Amino acid sequence: MSTNVNTEPRHRRTSSGDNKPEGQMNERFVYKDDDAIEKPFNWKQLTRLISYMRPYAKQILPLIALMMIIGTATKLAVPFLTSMAIDKAIDPDPSVGTPSLTMLYQITIIVLVLYIIQWITGIFRIKYTNIIGQRVIYDLRADLFRHIQRLSFNFFDKRPAGSVLVRVTNDVNSLQDLFTNGVVNLIIDCVQLFGIVIILLLINWKLGLAVIVTVPIMFFISTKLRIRIRRAWQEVRTKNSRINSHLNESIQGIRVTQAYTQEEENMKFFDHMNKDSKKSWDKASAMNQGFGPLIEITGGFGSLILFWLGATLIQQGQLTIGLLVAFAQYVGNFWEPINRLGQMYNQLLVAMASSERIFEFIDEDPNIKSKPNATKLPQIKGDIKLENVVFEYEKGRQALKGINLDVKAGQSIALVGHTGSGKSTIINLLSRFYDISDGKLTIDGYDIRDVEVESLRHQIGIVLQDTFIFSGTIRDNIRFGRLDATNEEIEEVAKAVGAHEFIVQMPNGYDTEVEERGNMLSMGQRQLLSFARALLADPRILILDEATASIDTETELKIQEALKLLLKGRTSFIVAHRLSTIRHADHIVVLDHGRIIEEGNHQALMKEKGTYYGLIEAQYRFL
Ligand SMILES: Nc1ncnc2c1ncn2[C@@H]1O[C@H](COP(=O)(O)OP(=O)(O)OP(=O)(O)O)[C@@H](O)[C@H]1O
């Protein structure tokens with residue numbers, strides 16, 4: 001029942017007060033369950049969901065409808081033939097005729113043929129519904145992924161990665177049932193129920209009415225019980241997801257746990273969740289076991305009414321034995337669709353919640369996008385101008401408070417300052433990951449909000465501190481910079497930045513597979529790979545965020561060499577804490593709380609003996 005991906009990845013622990021008795025345990029572990037499992041029925045949303053079937057409606061739906069009609073007709077014909085077999089072939093009224101074995105054989109063969117037809121149409125119906133279901137899910141997942149990729153940084157700022165992941169996996173999967181079985185079964189069941197009601201009333205309206213009256217009661221019991229059982233299982237799933245989530249976090253953070261000897265505390269937390277999961281499983285399982293017998297008892301009660309009233313009507317000569325048997329079969333057939341409709345209702349409630357979450361994402365407008373009349377940014381020289389740039393991530397909290405910078409093409413600018421002073425924010429604005437709140441930001445005189453986003457980002461290369469390595473080969477990772485690069489070009493840039501040496505020493509050289517995030521590579525190696533990636537892209541503007549913060553001196557020398565090459569002839573912004581990286585910069589900008597407090601080259605700033613001088617001094621003292 002459990003899934004690998006967590007539906008509730010966010011859990012929050014209150015501060016740990018040790019050694020509380022078991023009864024108080026719950027207060028210690030507060031979870032934040034903010035993703036509703038089910039939502040009320042919503043027609044608009046359902047029609048939007050069903051509209052995903054439209055592309056396939058013409059091709060596949062008629063086939064499904066045909067199979068459905070044939071299947072239902074054959075199913076409904078069988079009880080009628082049974083009644084004929086009893087009343088005409090086995091025990092006919094002496095005034096009508098004598099028993100006939102030949103007739104019995106003929107009816108049996110017809111019934112057999114009908115069963116075969118029903119079986120074959122069933123196979124094809126399932127096949128076609130599966131095809132349509134899979135295609136719809138494929139389209140929905142693709143739509144969602146395409147859209148998520150376009151969403152702006154501020155969208156991801158507000159959500160943990162886990163919740164985004166869950167929408168593309170769990171929520172889409174939970175719609176799978178609805179499309180593969182649900183919608184088609186809903187139609188079949190309604191048609192079947194309608195057909196049975198008509199037939200029952202035609203056979204004997206009194207008996208028919210007596211039986212039909214019990215239907216809403218059966219439906220109510222079945223649906224209500226199912227909802228409770230499903231909720232109980234959902235609870236089990238949620239609890240298991242929490243265990244998965246905690247396991248994941250524990251394994252990822254095992255080093256920190258052991259270093260701070262928090263194993264015992266972690267175990268207590270795990271044990272609490274484990275017990276919780278067991279308790280919820282016991283509850284769900286007990287409910288499940290009670291469901292079957294209860295349904296049987298209710299069904300038995302219906303049969304009791306049927307046979308009691310039926311026998312009375314036979315005695316009064318208003319009904320034949322054959323018709324009573326057929327009646328009983330039709331009533332038996334009643335159960336199946338009613339049961340399924342109950343299930344379907346359940347499915348719909350879950351689908352409502354999932355689809356609401358999916359559509360919430362699909363409807364989210366990427367707030368960074370090209371204007372309708374945006375022009376392509378031509379090949380740039382690399383002049384950058386910031387005029388009174390103000391920026392706030394959240395309303396009312398300015399991260400930049402009026403930045404003025406005039407950078408000439410080819411210049412290298414170093415941004416320095418204490419943590420949180422706004423360095424990364426400036427470089428985020430240059431690539432237009434966020435839009436400035438006030439002021440003006442131009443590149444070669446073009447306001448970056450007026451040009452196509454792609455044409456802008458295409459000409460800017462970024463090397464971040466946490467260099468992201470994708471799973472794939474080393475070659476693929478470098479090629480990420482320019483997809484049409486040849487193998488020779490890839491090796492050329494790797495040699496230029498000094499990465500070639502370590503790459504060829506790897507088991508499969510450039511074709512060595514690296515894990516997601518490049519865990520098998522050292523920080524310095526990852527850095528060199530991302531330099532190679534940036535050099536391959538050959539952008540006019542290059543941004544390096546803390547690019548040399550976490551490497552040893554030897555690698556740093558190598559990287560210094562690579563950097564010289566990388567920066568040559570480009571406008572570059574370097575955010576670095578290391579003196580060696582910035583001292584050669586043409587212009588150093590010192591930031592503090594979102595403002596520029598000093599600027600100039602290394603020598604000038606050192607002479608000034610201000611904040612920059614202090615930072616450098618502090619670094620030397622520290623070393
Ligand atoms: N995504 C975000 N959402 C809200 N506030 C943010 C976000 N990113 C940064 N900030 C805030 O903006 C301010 C500037 O942050 P920024 O990341 O630019 O600092 P920085 O100088 O690069 O710091 P560091 O040297 O630690 O990387 C900080 O107060 C920070 O809390």
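Because the structure is a prediction, the values reported are computed rather than measured.

Considering the packing of aromatic side chains
By the definition in use, this model includes 9 aromatic pairs. Ring centres of Phe153 and Tyr434 lie 5.8 Å apart, and the angle between their planes is 85°; on these two criteria the pair is classed as edge-to-face. Here Phe153, found in helix H5 (residues 153–158), pairs with Tyr434, found in the loop between helix H11 (423–430) and strand E4 (438–443); they are 281 residues apart in sequence, far enough to count as distant. Assessed through its relative accessible area of 33%, Phe153 is described here as partly exposed. Each ring, one from Phe391 and one from Tyr393, has its centre 4.8 Å from the other, and the planes form 85°; the classification is edge-to-face. On the accessibility criterion, Phe391 (3% relative accessible area) is buried.

Some points on the pattern of salt bridges
Scanning the entire structure with this criterion turns up 18 salt bridges. A salt bridge links Lys239 to Glu235; its shortest N-O distance comes to 2.9 Å. Of this pair, Lys239 and Glu235 both sit in helix H7 (residues 205–252), separated by 4 residues, roughly a single helical turn. Classification of Lys239 as buried rests on a relative accessible area of 12%. Exposure remark for Glu235: the relative accessible area of 38% places this residue in the partly exposed category. Residues Arg475 and Asp511 are paired through a salt bridge, measuring 3.3 Å at the closest nitrogen-oxygen approach. Of this pair, Arg475 sits in helix H13 (residues 474–479) while Asp511 sits in the loop between helix H15 (500–504) and strand E8 (513–514); the two residues are 36 residues apart in sequence, bridging distant segments of the chain.

Notes on the side chain of Arg526
Examined against the element boundaries, Arg526 turns out to sit in helix H16 (residues 523–537). Overall, the relative accessible area of 14% leaves Arg526 in the buried class. Engagement of the side chain of Arg526 in a polar contact is seen with the backbone oxygen of Leu521, the distance being 3.2 Å.

A short note on the pairing of strand E11 (residues 587–592)
Pairing between strand E3 (residues 412–417) and E11: 5 bridges, direction parallel. Opposite Gly417, over in E11, you have Leu591 as the bridge partner. Pairing of E11 with strand E12 (residues 595–600) involves 5 bridges; the strand directions are antiparallel. If you follow Val589 over to E12, its bridge partner there is Glu599. Taken together, E11 and the strand that follows it, E12, pair antiparallel across an intervening segment of 2 residues, in which His593 is found at a positive phi of about 45°.

Points about the sheet that holds strand E10 (residues 571–575)
Hydrogen bonds along the backbone pair up the strands of a sheet, which may run parallel or antiparallel. Pairing within the open sheet is mixed, and its 6 strands lie in the order E6-E9-E10-E3-E11-E12. The sheet is open, and its two edges are formed by strand E6 (460–463) and E12, each paired on a single side. On average, each strand axis in the sheet is tilted by 20° relative to the strand beside it, whichever way the strands run. Seen against the sheet, H11 touches E3, E6, strand E9 (541–545), E10 and E11 and runs at an angle of roughly 140° to E3. Relative to the sheet, H16 contacts E6 and E9, its axis offset from that of E6 by approximately 175°.

Considerations on the nonpolar core
One recurring pattern in soluble globular proteins: nonpolar side chains tend to sit buried together. Residues Ile478, Ile503, Phe531 and Leu544 are the most contacted members of the largest nonpolar core, which totals 41 residues. The biggest single contributor to this core is H16, with 7 residues. Ignoring sequence-local partners within four residues, the contact set of Ile478 consists of Ile490, Val493, Ala494, Ile503, Tyr510, Leu529, Ala532, Arg533 and Leu536. Counting 34 residues, the second largest nonpolar core, distinct from the first, contains Leu144, Leu151, Phe179 and Ile362.

Considerations on unusual backbone geometry
Here His593, not a glycine, exhibits a phi torsion of approximately 45°, which is positive. Among the structural elements, His593 can be located in the loop between E11 and E12. Given a relative accessible area of 57%, His593 falls into the exposed group. Backbone geometry at Lys609 places phi at a positive 55°, although glycine is not the residue there. Here Lys609 lies in the loop between helix H19 (602–608) and helix H20 (611–622).

Some details on the environment of His584
Checked against the element boundaries, His584 lands in the loop between helix H18 (579–582) and E11. Given the relative accessible area of 62%, His584 is considered exposed. Each C-alpha atom of the pair His584 and Ala414 lies 9.0 Å from the other, and the pair is 170 residues apart in sequence.

A closer look at a nonpolar patch on the surface
Taken together, the side chains of Leu112, Ile116, Trp119, Ile120, Ile123 and Phe124 present a nonpolar region at the surface, about 580 Å² in accessible area. On the secondary structure map, Ile123 appears in helix H4 (residues 101–150). Of the residues examined, Ile123 reaches a relative accessible area of 40% and is grouped as partly exposed.

Looking at the environment of Ala328
The topology assignment puts Ala328 in helix H10 (residues 321–363). Using a relative accessible area of 23% as the deciding quantity, one classes Ala328 as partly exposed. In this structure the C-alpha to C-alpha distance between Ala328 and Leu200, which are 128 residues apart in sequence, comes to 9.8 Å. Sequence-distant contacts of Ala328, that is, excluding residues within four places in its chain, are made with Leu306 and Phe307.

Examining the site of the ligand
Near the ligand you find 16 residues, and of these Thr419, Gly420, Lys423, Ser424 and Thr425 are the closest. Within the side chain of Thr419, an N or O atom sits 2.4 Å from an oxygen atom of the ligand. Take Ser424: an N or O atom from its side chain is 2.7 Å from an oxygen atom of the ligand. Protein contacts shield 68% of the accessible area of the ligand, which totals 630 Å² for the unbound molecule. Sorting the residues of the shell around the ligand by element identifies strand E1 (384–394), strand E2 (397–407) and H11 as the ones contributing at least two each. Top element by residues in the shell around the ligand is H11. It accounts for 3 residues. Among the residues forming the shell around the ligand, the class breakdown is 3 nonpolar, 8 polar and 5 charged.

Concerning the confidence of the model for the protein chain
Averaged over the protein chain, the pLDDT score is 81; the fraction of residues at 70 or greater is 89%. Of all secondary-structure elements in the protein chain, the lowest mean pLDDT belongs to helix H1 (residues 25–28), at 38, while E4 reaches the highest, 94.

Digging into the sheet that holds E2
The sheet built from 4 strands is open, its strands ordered E2-E1-E4-E5 with antiparallel pairing. The strands lining the two open edges of the sheet, one partner per strand, are E2 and strand E5 (446–447). Pairing of E4 with E5 involves 2 bridges; the strand directions are antiparallel. Each residue of the ladder has a partner; that of Ile443, found in E5, is Tyr446. Against the sheet, H11 contacts E1, E2 and E4, and its axis sits at roughly 110° relative to E1.

Cut-offs and rules
- For every chain, the first residue of its written sequence is number 1, and the numbers climb from 1 along that sequence.
- In keeping with the predicted nature of the model, local features appear solely for residues at pLDDT of at least 70, side-chain atom pairs appear and are counted solely at 80 or more, and the whole-chain, interface and lining totals rest on all residues.
- Each side-chain value is derived from all of the structure's non-hydrogen atoms; neither hydrogens nor water enter the calculation.
- Aromatic pairing here means that ring centres of Phe, Tyr or Trp (its six-membered ring) are within 6.5 Å. Orientation follows from the plane angle: under 30 degrees is stacked, over 60 is edge-to-face, and everything else is tilted.
- The way it works is that DSSP assigns letters per residue, a run of H or I at least four long becomes a helix, a run of E at least two long becomes a strand, and they are numbered from the N terminus.
- Think of it in three bands: residues with accessible area under 20% of the maximum for their type are buried, residues over 50% are exposed, and the middle band is partly exposed, with areas taken using a 1.4 Å probe on protein chains only.
- Within this document, salt bridges are pairs made up of a side-chain nitrogen of Lys or Arg and a carboxyl oxygen of Asp or Glu, the two lying within 4 Å of each other.
- Polar contact criterion, stated in full: a pair of N or O atoms within 3.5 Å, where within protein one must be able to donate a hydrogen and the other to accept it, and residues adjacent in sequence count only if both atoms are side-chain atoms.
- Strands pair, by our definition, only if DSSP identifies at least two bridges between them.
- Axes here mean lines fitted to C-alpha atoms, for a helix over just the part in contact, with angles spanning 0 to 180 degrees between N-to-C directions.
- We call two residues in contact when some of their heavy atoms are within 4.5 Å.
- Here the nonpolar core consists of buried residues drawn from Ala, Val, Leu, Ile, Met, Phe, Trp, Tyr and Cys, with membership extended through side-chain atoms lying within 4.5 Å.
- Patch building starts from residues that exceed 30% relative accessible area and form no salt bridge, then joins like charges within 9 Å and nonpolar side chains (Val, Leu, Ile, Met, Phe, Trp, Tyr) within 5 Å.
- Here the accessible surface of atoms and residues is derived via Shrake-Rupley with a 1.4 Å probe, and residues count as covered only by protein chains that are part of the display.
- The cutoff for a nearby residue is simple: one of its non-hydrogen atoms must lie within 4 Å of the molecule or strand.
- The nonpolar class holds Ala, Val, Leu, Ile, Met, Phe, Trp, Tyr, Cys and Pro. Asp, Glu, Lys and Arg form the charged class, and all remaining residues, Gly among them, are polar.
- Confidence of the predictor at the level of single residues is given by pLDDT, which spans 0 to 100.

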